[in-house]
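# Observations on the three-dimensional arrangement
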Amino acid sequence: MADSGTDDLRHDRPEIGGSIRLVLAVALALVGAVVSLLLLGRDRADPWIIGLLTLLAVAGVFALFAYATGLLRFGLAEPRDELARRIVDSAAEGMSIVDPLGRVLYANPRYRDITGAASEDEVRPIERLFTSDPDASEAVYRLAQGVREGKALTEEVRIAGLPDQPARWLKLGARPAHSTRAGRAVVWTVSDLTRERERQESAFLELQHAIDYLDHAPAGFFSAAGGAIHYINATLVDWLGYDLAEFGPGGLSVADIVPGAAATLLTGMAPAPGGVRTEVIDLDLKRKNGQRLPVRLWHRVAFAADGTPGASRTLVVDRSHGDSQQDPLRAAEVRFARFFHNSPIAIAAIDGRGRIVRANAMFARLFGGPNSEAGRPIVRIFGEPAQAGFSEAAELALKGQTPPGPVDVVLDRESGRSARFYLSPVKDGEAEGEAAIVYAIETTEQRALEAQFAQSQKMQAVGQLAGGVAHDFNNVLTAIIGYSDLLLANSRPTDPSFQDVMQIKQNANRAAGLVRQLLAFSRRQTLRPQVLNLGDVMSDLSMLLRRLLGEMVKLEVKEGRDLWPVKADLNQFEQVIVNLAVNARDAMPDGGSLTIRTINVPASDAADYAEAGLPHADHVLVEVADTGSGIPADVIDKIFEPFFTTKEVGKGTGLGLSTVYGIVKQTGGTLQVESEPGRGSVFRVFLPRHVPEVVEIPVKAAEPEAPAKPADLTGRGTLLLVEDEEAVRAFAARALASRGYQVLEAGSGIEALEVMAEHGDEVKLVLSDVVMPEMDGPSLLKELRAANPDIKVIFMSGYAEEAFAKNLPQGAAFGFLPKPFTLKQLIETVKENIGRND
């Protein structure tokens, strides 16, 4: 009720408006006027009397007119106050207005009925009614406290009845009203909720009875939404062998009781906006002990107007009971449903127009529940480009002809999903509308493996080609570098041609560096592995990396604790990190950050890197992550190929990442790359943990050797030089002869055996190439050792020792001279090996 009308509701009868002082003033004025006129005399007073009467007459006429039009009322309350009173009096809830002193200013009839007041004199405020009831008095106190804080509150309380009266439920409310001279008044409301509570209790009892009936029904029942089971009756819980408590919020899901792909039949129904779909499904449920329970489901789902599915209503009938001998048809139906839905092959039957008649669970899982619904054209599960090839095979099958072979279809080009379809005609299925059976097997993973295998073969083929090119090029470079050394040995720095020869040698050495990169990619370079502590290595390398990256790229090195030792070539490992860092710098022309992280990866965590093909063993991970431009998806499969580069012409050889790939693989490690355009790239290098058989001291870095004293490189004795490359053989023979050796030459392994047959007793050392026609170096060594076990052999090769050592007898001793070699390296190697026997 409005605050402005509160004062007018203090009494039952309306108050008459007006002012007694104003009435007295008017009366005295009239008396004074009459007395004044009498004193003037009749003759002189007549005009005044006539004027006064005229004035009174006009005032009376005006008052009558105002009263008739309603502008003037006598002794009546304002209409809006009367309307407020009627509204309050007819309210369904009791209402009272209490002043700050606790006196009831007004109470409507409903308030008197609820509180039991027989007359107005017996009306008491809410705060004094329930003092004997602890619960009610506490609620009233909270309401009064809220009103003092200017809040409007309500509470429901239970009022205990007398021994012969039932308890009552009341809803109490309080809100602040207008302010008076004594303070702020309070409007209290009270409603009787007893009947409403009784109806609620009756409805709850009825619901309990309904749940009890449903729980112990002779059929199972459950309700699910979003794959989660929200309700399941006790009958079905008993059949499945579970505890009913396991099906509470966050309990089991549909996938827990429906095995395999069959759950898709329940969770993947085609939407029917604003409608209801009901399907009958035969499948097996999974008991808690793993056994199967054959059932028939009546699965009903209601959909919202936008197609969003609501909670399902699923009735479950146990089909495991009954004697199969007495009902063989039912037993056969159960077996068929089990085979049909548990098959790992997707199966669907189509009618003469290519529409799906029925499909099994695997078909629904592979191609989406809505797309596998009965009545839908089967070609909808493909994209438009793939429909043509399948349609041709389907037409043959629908005509009763068997297609010549399977049909491979790309289901989604973006995700790379693919499947292989087999179609067979059905000649006796016309009664059921079946014209052909479609069998499908997803080949996505198989195609991915085939692509990886093809990429691996491609990389291997490219590696073999790169290794072959590097081998032949090494022979050419050996001759160029060797003859350059001979010219330099016979020239003085003041000679005009000295600088030209130096330029030839420097460019030959530069070309030799490129060849080493090719050999690194083909995994045939020479490695000098040693036990490394990657924490120390990264600490030493960080200064070099900061100079390489420049000021615009921020370098952050995060070293793991207690890193395991690894065995790798220190120089080659540093080259791996430098190449990755330089590539990252080039991918961040506007600056960015490069993070290098090292951490142990135990065998138990190898599964987290399954995509990289990481073996189940302990590894040390070196992760190089940048914030650069990233690598596009169409490029990432080619980045490790030699001479492939995305840089501008003249700014890259395309051998950086191919070198990284070869070094990591040759070390026995694993390489993984992840990249997203615009978000940078992450290269992960996994090196196997080194577990020494004996105690080995980890090598931090190669200590610089003390300057060696000039050695005497001259020698004597007879050497056999076996080399199929004539230029290399001529240079080596001339260089050795100039140092005092007698050199016998052979262009192949067969020629070498002939020379040994003639001069075998004179030859002290055989200097042989590895890759030669007719007979290679390892085969020559076997033949030589068979005739002369003590003969010393030095192999010359551009490949690493490991590339051909496996073809030698176990424990065979030999020297090794990697190509391309200089004149000094050739002489020192020969001198060292001959000196061991002398």
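Reference entry: report on the structure contained in this document. (Residues numbered from 1 in each chain as written. Predicted model: local features only at pLDDT ≥ 70, side-chain atom pairs only at ≥ 80, totals over all residues. Heavy atoms only, no water.)

## What about the overall build of the protein?
Scanning the protein for helices and strands turns up 23 helices and 27 strands. Relative to its 838 residues, the protein shows a buried fraction of 39%. Sequence-distant contacts in the protein: of pairs separated by 6 or more residues, those separated by 24 or more amount to 58%. Carbon and sulfur atoms make up 53% of the accessible area of the protein, which totals about 47,700 Å². (Helix = DSSP H or I, 4+ residues; strand = E, 2+ residues; numbered from the N terminus. Buried < 20%, exposed > 50% of the residue type's maximum accessible area, 1.4 Å probe, protein only. Contact = heavy atoms within 4.5 Å. Areas by Shrake-Rupley, 256 points an atom, 1.4 Å probe, with all protein chains shown as cover.)

## Overview of the pairing of strand β21 (residues 670–675)
On a regular strand, each side chain points to the face opposite its neighbour's, so the side chains alternate between the two faces of the sheet. Of the pairings in the sheet, the one linking β21 to strand β22 (residues 681–688) comprises six bridges and is antiparallel in character. Bridge pairing in β22 places Q672 opposite R684. The hairpin turn running from β21 into β22, its antiparallel successor, is five residues long, and G678 in that turn takes a positive phi close to 90°. (Pairing = 2+ DSSP bridges.)

## So, the nonpolar core
Membership of the largest hydrophobic core comes to 52 residues, with the highest contact counts inside it found for F367 and F421. Element by element, the count of residues in this core is highest for helix α12 (residues 361–367), at six residues. The contact partners of F367, leaving out residues within four places of it in the chain, are A346, I381, L411, A419, F421 and A440. In terms of nonpolar packing, the next biggest core, distinct from the first, is built from 40 residues, V553, F573, V622 and L671 among them. (Core = buried A, V, L, I, M, F, W, Y, C linked by side-chain atoms within 4.5 Å.)

## Some details on the packing of helix α20 (residues 749–759) against helix α21 (residues 777–787)
Interaxial distance between α20 and α21 falls to 10 Å at its minimum, and their mutual angle equals 20°. Of the possible angle classes, the one that applies to α20 and α21 is roughly parallel. Between α20 and α21 lies a crossing of right-handed hand. Side by side, α20 and α21 meet where G749, A752, L753 and M756 of the first sit next to L780, E783 and L784 of the second. Residue classes in the contact of α20 with α21 are distributed as five nonpolar, one polar and one charged. (Axes fitted to C-alpha atoms, helices over the stretch in contact; angles between N-to-C directions. Parallel < 35°, antiparallel > 145°, perpendicular 65-115°, else oblique. Left-handed = near helix turned anticlockwise from the far one by under 90°. Nonpolar A, V, L, I, M, F, W, Y, C, P; charged D, E, K, R; others polar.)

## Some words on helix α19 (residues 726–738)
Taking 1.5 Å per residue as the helical rise, α19 with its 13 residues ought to reach 18 Å, and the 18 Å between its terminal C-alpha atoms agrees with that figure. Within α19, the full set of buried residues consists of V728, R729, F731, A732, A733, A735 and L736. With its phi angle positive at about 105°, G740 sits one or two positions after the end of α19. (Expected span 1.5 Å × (residues − 1).)

## Some thoughts on the packing of aromatic side chains
Under the definition given, this model contains four aromatic pairs. Geometry around W169 places R197 over its ring, the cationic atom sitting 4.0 Å from the centre. (Phe/Tyr/Trp six-rings, centres within 6.5 Å; stacked < 30°, edge-to-face > 60°. Lys NZ or Arg CZ within 6 Å of the ring centre and 35° of its normal.)

## Side note on the packing of helix α16 (residues 534–549) against helix α17 (residues 570–586)
Relative to each other, α16 and α17 sit at 40°, their axes nearing to 10 Å. When the interaxial angle is binned, α16 and α17 end up oblique. Handedness of the α16/α17 crossing: right-handed. Across the interface between the two elements, L534, V537, M538, L541, L544, L545, L548 and L549 from α16 touch L570, F573, E574, I577, V578, A581, V582 and R585 from α17. Split into classes, the residues belonging to the contact of α16 with α17 amount to 14 nonpolar, no polar and two charged.

## Some thoughts on unusual backbone geometry
Negative phi values dominate among residues other than glycine, just as trans dominates among peptide bonds. In this structure, D562 is a non-glycine residue whose phi angle is positive, near 50°. Within the secondary structure, D562 sits in the loop between β17 (553–559) and β18 (566–569). Accessibility expressed as a relative area gives 70% for D562, which makes it exposed.

## Structural notes on the pattern of salt bridges
Scanning the entire structure with this criterion turns up 14 salt bridges. Here E623 makes a salt bridge to R684, at a shortest N to O gap of 2.8 Å. Taken as a pair, E623 in strand β20 (residues 619–626) and R684 in strand β22 lie far apart in primary sequence, 61 residues in all. The same class applies to E623 and to R684, which are both buried. In this structure, E674 engages R684 in a salt bridge whose closest nitrogen and oxygen atoms are separated by 3.2 Å. Taken as a pair, E674 in strand β21 and R684 in strand β22 lie far apart in primary sequence, 10 residues in all. (Salt bridge = Lys/Arg side-chain N within 4 Å of Asp/Glu carboxyl O.)

## Some thoughts on the sheet that holds strand β24 (residues 742–746)
One open sheet holds the five strands; their spatial order is β24-β23-β25-β26-β27, and the pairing between them is parallel. Looking at which strands have only one partner, the edges of the open sheet turn out to be β24 and β27 (815–818). Going from strand to strand, the sheet's axes swing by 20° on average, the running direction of each strand aside. Against the sheet, α21 contacts β23 (718–722), β25 (763–769) and β26 (792–797), and its axis sits at roughly 175° relative to β26.

## What to know about α21
Inspection of α21 places G777, P778, L780, L781 and L784 among the buried residues, and these make up the whole buried set. Axial view of α21: buried residues confined to an arc of 155°, hence all on one face. Away from the buried face of α21 by more than 90 degrees, exposed residues A786 and A787 are located. (Arc of directions from axis to C-beta.)

## Brief notes about the sheet that holds strand β12 (residues 356–359)
Picture the strands of a sheet paired through backbone hydrogen bonds; they go either parallel or antiparallel. Spatial strand order, β12-β11-β15-β14-β13: five strands in an open sheet with antiparallel pairing. Two strands bound the open sheet, and with one partner strand each, they are β12 and β13 (407–412). Across the sheet, the mean angle separating the axes of adjacent strands is 30° when strand polarity is ignored. Of the pairings in the sheet, the one linking strand β11 (residues 346–350) to strand β15 (residues 436–442) comprises five bridges and is antiparallel in character. When the bridges of β15 are listed, A346 appears paired with A440.

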